[in-house]
Amino acid sequence: MENNNTTENIFASNPALLNAIQGRLGSLVGRPSGYIESLPAEVKRRIKALKNIQSEQLKYEKEYRAELAELEKKYLKLYQPLFDKRSSIVNGKVEPTDAECEREDSDMDEDLDEKTEEKKEEKPSADPVSGIPEFWLTCLKTNPTISELITERDEEPLKALTDIQLSYLDDSEGFKLSFFFDKNDYFPDTVLTKVYRLENTGDYGNIIDGKAEGCDIHWNEGKNLTVTVETKKQRRKGTNQTRIIKRTIPAETFFSFFNPPVIPDDEALEMDEDEMQELDNKLEADYEVGEIIKDKIIPYAVDWFTGKALEFEEADFDSDEYDGYDDEDDEDDDDDDDDADNAKALNEPNTQTPECKQQ
């Protein structure tokens with residue numbers, strides 16, 4: 001006990017030492033420790049058997065992923081008419097009936113004060129509003145991850161966002177996100193798309209080669225939010241004449257989502273470890289945003305608009321406690337992403353016998 005206190009006192013009085021040790025330990029994460037190599041031969045033999053068992057399990061994992069993909073496609077077809085009705089109401093194309101607007105009291109609905117306000121008779125506004133203005137912009141800004149991507153300049157064109165739709169690909173187990181826009185001052189495009197191609201390898205469904213496909217945005221003159229223009233005067237020696245030099249530099253914007261990071265071709269792959277890690281982080285972050293829009297924003301849009309989903313995002317609720325939103329699956333997905341590289345070595349099922357002879 002005395003030794004522990006002494007150690008704590010040393011670190012407390014020397015935080016720089018603690019930071020240095022923590023940094024050193026962090027740099028060792030994922031690196032071989034030599035522990036496995038130091039194990040006795042009979043233990044290594046048993047580990048090979050466990051790996052072969054897991055390879056057999058991955059066969060079923062691959063089947064599970066395939067069936068799950070088909071199930072998702074099946075239910076998207078059932079959801080789509082409801083999503084279409086939602087879009088019609090949001091964009092003021094139809095007015096819901098009184099029956100459609102009736103809400104039963106529910107423990108999972110608005111709090112007591114909000115319920116009381118709902119029961120009050122509300123007078124229509126003098127200047128009626130069509131649909132639900134800024135619906136999708138509000139949904140996106142409410143999500144903590146996506147809100148960090150939206151700059152103040154992005155808000156104006158995102159006010160013209162009328163719908164976000166999900167579709168599944170026929171040629172792979174990937175998906176496509178389509179963003180529909182009303183007429184705006186920034187670009188003439190009515191739909192912007194993002195495609196993620198997935199591969200069913202049985203190892204948690206990685207993106208194929210880290211590849212995601214965006215689309216070109218045809219920006220109107222002077223409205224390109226992905227770049228900023230710097231101007232400076234340049235004076236010519238001897239003549240004292242000046243000229244204006246302009247150059248464009250990349251700018252932070254949500255619309256960079258449609259220009260995803262890509263892995264260079266093998267011939268052009270001259271990246272050091274830090275650059276590879278940075279690229280890997282960008283690919284992972286890009287895919288996370290796509291998954292959030294697919295699994296959270298689109299199916300539970302009204303909960304994000306009202307902020308209700310945020311309550312369950314911040315709290316650790318079980319799926320039984322709230323049918324509309326469950327964050328546990330996404331935590332599992334994050335773990336899957338972290339382990340994907342290690343699991344890739346187990347992609348190919350082992351067909352050799354006996355069970356301890358591993359490829």
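Small disclaimer: the values here were computed from a predicted structure and weren't measured.

Rules and cut-offs
- Along each chain, the written sequence defines residue order, and numbers are assigned to residues from 1.
- Since the coordinates come from a predicted model, pLDDT governs what is reported: local features require at least 70, and pairs of side-chain atoms require 80 or more to be given and counted, while whole-chain, interface and lining totals use all residues.
- Excluding hydrogens and water, the side-chain values take into account all heavy atoms of the structure.
- Every patch collects residues that have over 30% relative accessible area and no salt bridge, joining them within 9 Å if they carry like charges and within 5 Å if they are nonpolar side chains (Val, Leu, Ile, Met, Phe, Trp, Tyr).
- To measure how exposed things are, a 1.4 Å probe is used in the Shrake-Rupley method; for residues, cover is taken only from the protein chains shown.
- Just to be clear on terms, a salt bridge is a Lys or Arg side-chain nitrogen sitting within 4 Å of an Asp or Glu carboxyl oxygen.
- Secondary structure elements follow DSSP: runs of H or I of four or more residues count as helices, runs of E of two or more count as strands, with numbering from the N terminus.
- Classification of ring pairs rests on two measures: the distance between centres of Phe, Tyr or Trp rings, Trp counted by its six-membered ring, which must be within 6.5 Å, and the angle between planes, read as stacked under 30 degrees, edge-to-face over 60 and tilted in between.
- Buried residues are those whose accessible area, probed at 1.4 Å on protein chains only, stays under 20% of the maximum for their type, while exposed residues exceed 50% and partly exposed ones sit between those limits.
- Note on geometry: a ring has a charge over it if NZ (lysine) or CZ (arginine) is within 6 Å of the ring centre and within 35 degrees of the ring normal.
- The contact criterion used throughout is that any non-hydrogen atoms of two residues lie within 4.5 Å.
- Along the chain, pLDDT gives the predictor's confidence residue by residue, from 0 to 100.

J.: I'd like a description of a nonpolar patch on the surface, backed by residues and values.
T.: The grouping of Leu71, Tyr75, Leu78 and Tyr79 at the surface amounts to a nonpolar patch, some 390 Å² of accessible area in total. Within the fold, Tyr75 resides in helix H4 (residues 41-90).

J.: Before we move on, could you go through the packing of aromatic side chains and cite the residues and values that matter?
T.: Aromatic ring pairs are described here by two measures, namely the spacing of the ring centres and the angle between the planes. Summed over the entire model, instances satisfying the criterion amount to 19 aromatic pairs. Plain terms: the ring middles of Phe135 and Trp136 are 5.3 Å apart, the flat faces sit at 90° to each other, and that makes the pair edge-to-face. On the accessibility criterion, Trp136 (1% relative accessible area) is buried. In textbook terms, an aromatic cluster arises when at least three aromatic residues are bridged by ring pairs, as seen for Phe179, Phe181, Phe187, Trp219, Phe254, Phe255, Phe257 and Phe258. Taking NZ or CZ as reference, Lys294 lies 5.4 Å from the ring centre of Phe175, over its face.

J.: Describe the environment of Asp216, naming the residues involved and giving the relevant values.
T.: As for its position among the elements, Asp216 is in the loop between strand E4 (207-213) and strand E5 (227-235). Asp216 sits in the exposed class, given a relative accessible area of 64%. C-alpha of Asp216 to C-alpha of Phe258: the two residues are 42 residues apart in sequence and 7.5 Å apart in space. Discounting residues that sit within four places of it in the chain, Asp216 has contacts with Asp189 and Leu192.

J.: Before we move on, can you summarise the confidence of the model for the chain with the specific residues and values?
T.: Scored by pLDDT, the chain has a mean of 78; 68% of the residues are at 70 or more. Counting interchain partners and residues more than four positions distant, the pLDDT-below-50 stretch residues 1-5 has zero contacts. Scored below 50 in pLDDT, residues 316-322 shows twelve contacts in the model against residues more than four places distant or in partner chains.

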